[in-house]
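Structure assessment
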Amino acid sequence: MRPVSYLITSFIEKTMNMKGLNLFITSDGKYLVMDSSFDTLYKFDLLFSDSDFSCQILAKGDGGLSLKHALNIPWTNGKGIREFMEYVRQL
């Protein structure tokens, strides 16, 4: 059985792969979305607990990566999880 955090991380990876981007994880647990030139376009700072997950999404801008969106969603909030997934699809 996979951990519930797999739901989020695999979704992000599949979504970015469909856009031609790659998802990498750093040694400190940050998820980086890079293009084929290894430019970092997004950074997902994910924290998982038994009851919820939080995420800060940073996006590439003129001055480097800056905070684009921050959230905290309980695992029991299906609507919130679906809205997060839709947000990721639209990146």
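A few points on the structure. What you are looking at is a predicted structure, and each value in this text was computed from that prediction instead of being measured. (Residues numbered from 1 in each chain as written. Predicted model: local features only at pLDDT ≥ 70, side-chain atom pairs only at ≥ 80, totals over all residues. Heavy atoms only, no water.)

Within the largest apolar cluster, 23 residues are counted, with the highest numbers of intra-cluster contacts made by I12, F44, F53 and F84. Contributions of two or more residues to this core are made by helix 1 (5-18), strand 2 (31-34), strand 3 (40-48), strand 4 (52-61), strand 5 (64-74) and helix 2 (78-90). In this structure F84 touches I8, I12, F53, C55, I57, L71 and I73, once residues within four positions along its chain are discounted. (Core = buried A, V, L, I, M, F, W, Y, C linked by side-chain atoms within 4.5 Å. Buried < 20%, exposed > 50% of the residue type's maximum accessible area, 1.4 Å probe, protein only. Helix = DSSP H or I, 4+ residues; strand = E, 2+ residues; numbered from the N terminus. Contact = heavy atoms within 4.5 Å.)

Turning our eyes to something else, we now look at the pairing of strand 1 (residues 22-25). In this structure, strand 1 lies alongside strand 2, joined through four bridges in antiparallel fashion. The partner of L23 across the bridge, within strand 2, is V33. The antiparallel pairing of strand 1 with strand 2 creates a hairpin that spans five residues between the two strands, and G29 there sits at a positive phi of about 85°. (Pairing = 2+ DSSP bridges.)

Even without being glycine, F38 reaches a positive phi, approximately 65°. Topologically, F38 is positioned in the loop between strand 2 and strand 3.

Below, the discussion takes up the sheet that holds strand 5. The strand order 1-2-3-4-5 describes an open sheet built from five strands, whose pairing is antiparallel. In this open sheet, the two strands that pair with only one neighbour each are strand 1 and strand 5. Averaged over all neighbouring strand pairs, the angle between strand axes comes to 20°, with direction disregarded. Across seven bridges, strand 3 lies against strand 4 in antiparallel orientation. Each bridged residue has a counterpart across the sheet, and for L47 the counterpart in strand 4 is S54. Strands in contact with helix 1 are strand 1, strand 2, strand 3 and strand 4; relative to strand 3, the strand with the most contacts, it is inclined by about 170°. Against the sheet, helix 2 contacts strand 3, strand 4 and strand 5, and its axis sits at roughly 160° relative to strand 5. (Axes fitted to C-alpha atoms, helices over the stretch in contact; angles between N-to-C directions.)

Attention now goes to helix 2. Counted at 1.5 Å a residue, the expected span for helix 2 with its 13 residues is 18 Å, and the 19 Å between its end C-alpha atoms agrees. Taken together, the buried positions of helix 2 are G80, I81, F84, M85 and V88. Down the axis of helix 2, the buried side of the element spans an arc of 140°, and every buried residue falls inside it. Exposed and facing more than 90 degrees away from the buried side of helix 2 are K79, R82 and Q90. Residues of helix 2 that are buried sit in contact with helix 1, strand 3, strand 4 and strand 5. (Expected span 1.5 Å × (residues − 1). Arc of directions from axis to C-beta.)

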